[in-house]
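Descriptive analysis of the structure
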Amino acid sequence: MGSHFTFLDLGVLVVYFAAIMGVGLFFMFRERSVESYTAASRSMSGWLTGLSILGTYVSSISFLALPGKAFAENWNPYVFSLSLFIATPIAVWFFLPYYRRSHYVSAYHHLEDRFGAWARVYASICYLLTQLARMGTVMYLMALPLKELLGWDIYTVIVVTGVAVTAYTFMGGITAVIWTDAIQTVILIVGALACAAVMVFSLPDGPGQVFTLAAEHDKFSLGDYGPGLTTTTFWVTLIYGFFINLNNFGIDQSYVQRYIAAKSDKEARRSIWLGGLMYIPVSAIFFFIGTALFAYYTAFPEALPGDYQGNPDRVFPWFIVSALPPGITGLLIAAIFAAAMSTLSTSLNSAATIVLSDYYQRFFNREANERQSMRFVLITTIVFGAAGTLMALSMTQVKNALDAWWGYASIFSGGMLGLFLLSILARRANATAALVGTIVGLILILWMSLSPKMGWLGEGLQSPFHNYLVIVFGTTTILLVGFLCAQFAFGRRQTPHQP
């Protein structure tokens, strides 16, 4: 056990793990059907699914990477959160009714209705790759404070974490995931507030010193307001956040599965309002923690080891294990686990649901009975948990986890969001128009993502745009090219099937 970890901290963690695993075991013996495992028997209340959506947002990416970003730079990434003021109403008024009418568990089933099986497969592959990237980032960030506390090798911590989360998700299905998401969301918010309070009241000149030092170094800046597209200006981050949140609410299985799990349309709407808009103030807490970290280590520079300056993701974990009083350290580690397990269990359950519905039941065993389907979804949970653990091991090589995750999300999400918007906005579009739009959009996404890393291309052939814009340009290209093809080349006049 690490020198900073007391028996009181250990007691807090033990109680937390016992409670979480108890919830999983409770639902393991209560519900074992495919419908309950993937859709919670469509019986969940709005406040519960809303807290679950919030928990999906507030992963250890938020808990550790956002403070690290604010510590090293400023509040520019907070503009991502502000885009929810635009994206959340669109989700409530436009996306939610669409999925509640369809009754499909898979978010990608309707793409097959519109454009054929290839569209469903393409979007689901994009989703599965996104979840692998998300799981790897979350698991890696969760391992950082445990490495400091326990003195273990970070690879060992990641493997142990991967096994624990996979076992927990395996036991309870989406019902356990939603319930524990709600519990863990409360824990992580309380933990974050406690940490912020300890930090600001530890400063020599009191809480006001945070604002004085932050103002001197422009730490509350939301970014440059210029028109440039090569850096993370206010506008680039805002449009990136808008498109990513459209993707989250519109075609991300992790969110769509919660719409389906709600017991009524009213409860589903309540869940989106709660989960979407609550993230705006909650994420502000994490950015404030990063700014307070900057003030704290400016006031006490000798307290931060020199090798931490180059890796801002490690600064908050170091503060947790070195500066917090006993008991609060255990609470914060439990909160980090809460944030991570919320996202990881969601990703695992949703990925297993997609593989079951979009591949196994669609292509390999259309007549699968309840027992066969249940066995398959449990095996898939284990396999995907192992794949996510391998992704986390590879994340140990990145310099900034938030930048890496946002880059992956932009690349993998651009294609499926564009195809989804084409399916519901361009009523004349048929499979050929959609395929042409997707191919052109995918070529653009690959060029924007890969060309900056190919020095042999020369500056003239490399993308000059920031990688946050991959999802923006990729989505827009698929939509526009598909729309133009539908109008002038490959369109159809009849109204397409709508679920």
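We now turn to the structure provided with this report. It should be emphasised that the depicted structure is a prediction, and the values quoted were computed from it without experimental measurement. (Residues numbered from 1 in each chain as written. Predicted model: local features only at pLDDT ≥ 70, side-chain atom pairs only at ≥ 80, totals over all residues. Heavy atoms only, no water.)

1. Re the overall build of the protein
Of regular secondary structure, the protein possesses 19 helices and zero strands. The buried share among the 499 residues of the protein stands at 60%. Carbon and sulfur atoms make up 68% of the accessible area of the protein, which totals about 18400 Å². (Helix = DSSP H or I, 4+ residues; strand = E, 2+ residues; numbered from the N terminus. Buried < 20%, exposed > 50% of the residue type's maximum accessible area, 1.4 Å probe, protein only. Areas by Shrake-Rupley, 256 points an atom, 1.4 Å probe, with all protein chains shown as cover.)

2. Considerations on the packing of helix α3 (residues 46–57) against helix α13 (residues 265–299)
Interhelical geometry of α3 versus α13 gives an angle of 40 degrees and a closest axis separation of 7 Å. In the crossing of α3 with α13, the sense of the turn from one axis to the other is right-handed. Residues G46, W47, T49, G50, L51, I53, L54 and Y57 of α3 form the contact with α13, whose own contacting residues are E267, R270, S271, I272, L274, G275, M278, Y279 and V282. (Axes fitted to C-alpha atoms, helices over the stretch in contact; angles between N-to-C directions. Left-handed = near helix turned anticlockwise from the far one by under 90°. Contact = heavy atoms within 4.5 Å.)

3. With respect to the layout of surface pockets
One number sums up the size of the largest pocket: a volume of about 270 Å³. D403, A404, G407, Y408, I411, M448, S449, P452, K453, F465, N467 and V470 are the residues that line the largest pocket. The element that contributes the greatest number of residues to the lining of the largest pocket is helix α17 (residues 401–425), accounting for five residues. When the residues that make up the lining of the largest pocket are grouped by side-chain class, the tally is seven nonpolar, three polar and two charged. (1 Å grid on protein atoms, 1.4 Å probe; cavity = no way out; pocket = protein on both sides within 12 Å on 5 of 7 lines; lining within 4 Å. Points joined across faces, edges and corners; volume = space filled by probe spheres on them. Nonpolar A, V, L, I, M, F, W, Y, C, P; charged D, E, K, R; others polar.)

4. Describing the packing of helix α6 (residues 84–102) against α13
Where α6 meets α13, the closest approach of the two axes is 10 Å, and the angle between their N-to-C directions is 160 degrees. Considered as vectors, α6 and α13 are oriented roughly antiparallel to each other. Between α6 and α13 lies a crossing whose hand is right-handed. Mapping the contact onto sequence places L84, F85, T88, P89, A91, V92, W93, L96 and R100 in α6 and D265, A268, R269, I272, W273, G276, L277, Y279 and I280 in α13. Grouping the amino acids of the contact of α6 with α13 by side-chain chemistry returns 13 nonpolar, two polar and three charged. (Parallel < 35°, antiparallel > 145°, perpendicular 65-115°, else oblique.)

5. A few points about unusual backbone geometry
Phi at D218 is positive, roughly 60 degrees, even though this residue is not glycine. Within the secondary structure layout, D218 lies in the loop between α10 (208–216) and α11 (234–251).

6. Section: the packing of aromatic side chains
The geometry of an aromatic ring pair is captured by the separation of the ring centres together with the interplanar angle, meaning the angle of the planes. Throughout the structure, instances matching the rule amount to 29 aromatic pairs. Relative to W235, the ring of F234 lies with its centre 4.8 Å away and its plane at 85 degrees, an arrangement referred to as edge-to-face. On the basis of relative accessible area, F234 is assigned to the buried category, the value being 12%. Assessed through its relative accessible area of 45%, W235 is described here as partly exposed. Arranged with centres 4.2 Å apart and planes meeting at 10 degrees, the rings of Y360 and F376 form a pair that is stacked. One end of the pair, Y360, is in helix α15 (residues 328–364); the other, F376, is in helix α16 (residues 370–395), with 16 residues separating them in the sequence. Using a relative accessible area of 23% as the deciding quantity, one classes F376 as partly exposed. Each residue in the set W75, Y78, F211, F220, F287 and F288 is aromatic and connected to the rest through ring pairs, giving one cluster. Between the NZ or CZ atom of K219 and the centre of the ring of F294, over which it lies, the distance is 4.4 Å. (Phe/Tyr/Trp six-rings, centres within 6.5 Å; stacked < 30°, edge-to-face > 60°. Lys NZ or Arg CZ within 6 Å of the ring centre and 35° of its normal.)

7. Some details on α3
For α3, spanning 12 residues, the distance from its first C-alpha to its last is 17 Å, which sits close to the expected 16 Å at 1.5 Å a residue. Among the 12 residues that make up α3, 11 are buried, leaving the element largely enclosed by the rest of the structure. Among all positions of α3, only G46, L48, T49, G50, L51, S52, I53, L54, G55, T56 and Y57 are buried. (Expected span 1.5 Å × (residues − 1).)

8. Regarding the pattern of salt bridges
Summed over the entire model, instances satisfying the criterion amount to seven salt bridges. E73 is paired through a salt bridge with K69; the nearest N and O atoms lie 3.4 Å apart. Given a relative accessible area of 5%, K69 falls into the buried group. One salt bridge in this structure joins D358 and R120, with 2.8 Å as the shortest N-O distance. Of this pair, D358 sits in helix α15 while R120 sits in helix α8 (residues 117–150); the two residues are 238 residues apart in sequence, bridging distant segments of the chain. (Salt bridge = Lys/Arg side-chain N within 4 Å of Asp/Glu carboxyl O.)

9. Details of the side chain of K219
Turning to its location among the elements, K219 is positioned in the loop between α10 and α11. Lacking a salt bridge, the buried K219 has E73 as its closest oppositely charged neighbour, with an N-O distance of 8.2 Å. Those residues in contact with K219 that sit more than four places away from it in its chain are A70, F71, A72, E73, N74, W75, A214, T291 and F294. (Lys, Arg positive; Asp, Glu negative; His and termini not counted.)

10. Details of the nonpolar core
Formed by 143 residues in total, the largest nonpolar core has its most connected members in F63, F249 and F316. The biggest single contributor to this core is α8, with 17 residues. Not counting chain neighbours up to four residues away, the residues in contact with F249 comprise Y57, L84, A87, T88, A91, F95, Y255, V256, Y259, I272 and G276. Residues A352, Y360, M374 and L378 belong to the second largest nonpolar core, which totals six residues. (Core = buried A, V, L, I, M, F, W, Y, C linked by side-chain atoms within 4.5 Å.)

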